[in-house]
Amino acid sequence: MKPEELKKTLDSIAREPAHPGYYLFGDEDYIKRRIIAAIRHVTVPPDFADFNFDEFWGGELRDGKPFFDALLAVPMMVGQRLVLLREAEKAPKKVLESLVDFHVPKGNVLIVESVPARKDNAFHKGMVKLLVGYECAVANDREMVAWVISMAANRELDFDRDTAMHLVERAGINLDAIAAELDKLSLVSADGRPGIREIDNLTVHSRSANIFKFSDSFASRDFAKTLKAAQRLFGFGESGTVLLAFLKRELFTLLRLKTDPDAASNIRAPKWKLKHYAKWAEGWDIKQIRTAIIALAEADLGIKTGRLSERQALIEGIARAKF
């Protein structure tokens, strides 16, 4: 979704919410939050929100009865009520199958939020038919640059394409992370036109940028830089278990690239990042990746059993991955 598409979506919602509701799919929480806030604003007056708004999480549903009861409830003192299902992909299969065939009564608005593993599964297809669907994702490098320039303009910052791309490369491909960096740049930029050096100086102290650097340096086998970034992340209060999970994700991405010729088309990353991954994958063989995955799993177990501290576990896992 492009910035201008989000604006059109919000304008459409403001005029009149759609019945029976909306299906928000994709991995950009920033876009989802904007749309959900707009739907809630036009559907449920704040004074009556306690009576007319229900929120459910897919992973917490059992038989689905409270969820479907909420969808059948009558609005109280207002004309509409809102039901939100978050992380629908984690709900029991039986609940999802029932929802596809469910008739939401007039007066109720349903929002289903999901990060579907595939767009060809029955639930995703059913939701696209039942509800107004919006893909909440950034499709390519061009869209990401447009988002950065648009979000910067909202903060009275002037970004050109090269500066926007540099910020993405430093802060990551997540709009929430980009927004946090732009907020900081808006405070320190004297003329409203931050340059490359200004971005570099600021993001060196950024948690999101250091996670980016931590993962990328490991994938590229620059283990000294990985350890340096890890020290910064421990200073941010990050846990060793989470850091190990980031590294395992990188290894599984590299493994897919090494074993599946079509893997690149299914990996969520901009084109410039995919080029990096292709180059990094050349530096690993299958045996090294397998050894590293085992090493990180054992390091994680060392933390959970109390055998290793979080720092010791991370250092040991990275050291074993090196060889």
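Structure first, text after, so check above.
Rules and cut-offs
- Residues numbered from 1 in each chain as written.
- Predicted model: local features only at pLDDT ≥ 70, side-chain atom pairs only at ≥ 80, totals over all residues.
- Heavy atoms only, no water.
- Salt bridge = Lys/Arg side-chain N within 4 Å of Asp/Glu carboxyl O.
- Buried < 20%, exposed > 50% of the residue type's maximum accessible area, 1.4 Å probe, protein only.
- Helix = DSSP H or I, 4+ residues; strand = E, 2+ residues; numbered from the N terminus.
- Contact = heavy atoms within 4.5 Å.
- Pairing = 2+ DSSP bridges.
- Axes fitted to C-alpha atoms, helices over the stretch in contact; angles between N-to-C directions.
- Expected span 1.5 Å × (residues − 1).
- Parallel < 35°, antiparallel > 145°, perpendicular 65-115°, else oblique.
- Nonpolar A, V, L, I, M, F, W, Y, C, P; charged D, E, K, R; others polar.

Draft legend 1. Representation of the pattern of salt bridges. Counting across every chain of the model gives 18 salt bridges. Between Asp-120 and Arg-118 there is a salt bridge, with the nearest N and O atoms lying 2.8 Å from each other. A relative accessible area of 47% means that Asp-120 is categorised as partly exposed. Among the salt bridges present, the one from Asp-183 reaches Arg-155, with a minimum N-O distance of 2.6 Å. Here Asp-183 is found in helix H9 (residues 175–188), whereas its partner Arg-155 is found in the loop between helix H7 (141–154) and helix H8 (161–171), with 28 residues between them in sequence. Accessibility expressed as a relative area gives 38% for Asp-183, which makes it partly exposed. On the accessibility criterion, Arg-155 (23% relative accessible area) is partly exposed. Salt bridges here are not isolated pairs; linked through shared partners, they connect Lys-248, Asp-300 and Lys-304.

Draft legend 2. How the structure looks around unusual backbone geometry. Of note, the bond from His-19 into Pro-20 is cis; its omega dihedral lies within 30 degrees of zero at 10°. When you line up the elements, Pro-20 lands in the loop between helix H1 (3–15) and strand E1 (21–25). The phi dihedral of Glu-156 falls on the positive side, at around 60°, and the residue is not glycine. Counting through the fold element by element, Glu-156 comes out in the loop between H7 and H8.

Draft legend 3. Fine view of the environment of Gly-172. Within the secondary structure layout, Gly-172 lies in the loop between H8 and H9. Classification of Gly-172 as buried rests on a relative accessible area of 5%. Taking C-alpha positions, Gly-172 is 29 Å from Asp-11, a pair spaced 161 residues apart along the chain. Setting aside chain neighbours within four positions, we find Gly-172 in contact with Leu-167, Ile-178 and Phe-212.

Draft legend 4. Here's a closer look at the sheet that holds E1. Strand order in the open sheet formed by 5 strands is E2-E3-E4-E1-E5, with parallel pairing between adjacent strands. Where the open sheet ends on each side, the last strands, each with one partner, are strand E2 (53–57) and strand E5 (132–135). This sheet shows a mean twist of 15° between the axes of neighbouring strands, independent of strand direction. Relative to strand E4 (residues 108–114), E1 is paired through 5 bridges, and the arrangement is parallel. When the bridges of E4 are listed, Phe-25 appears paired with Ser-114.

Draft legend 5. Seen up close, helix H2 (residues 29–43). Along its 15 residues, H2 runs 21 Å from first to last C-alpha, staying within 8% of the 21 Å computed at 1.5 Å per residue. All buried positions along H2 are accounted for by Tyr-30, Ile-31, Lys-32, Ile-35, Ile-36, Ala-38, Ile-39 and Thr-43.

Draft legend 6. Fine view of the packing of helix H13 (residues 240–259) against helix H14 (residues 271–282). At a minimum axis distance of 10 Å, the contact between H13 and H14 shows a crossing angle of 85°. Of the possible angle classes, the one that applies to H13 and H14 is roughly perpendicular. In contact with Glu-250, Thr-253, Leu-254, Leu-257 and Lys-258 of H13, H14 contributes Tyr-277, Ala-278, Trp-280, Ala-281 and Glu-282. Looking at the contact of H13 with H14, its residues break down into 6 nonpolar, 1 polar and 3 charged.

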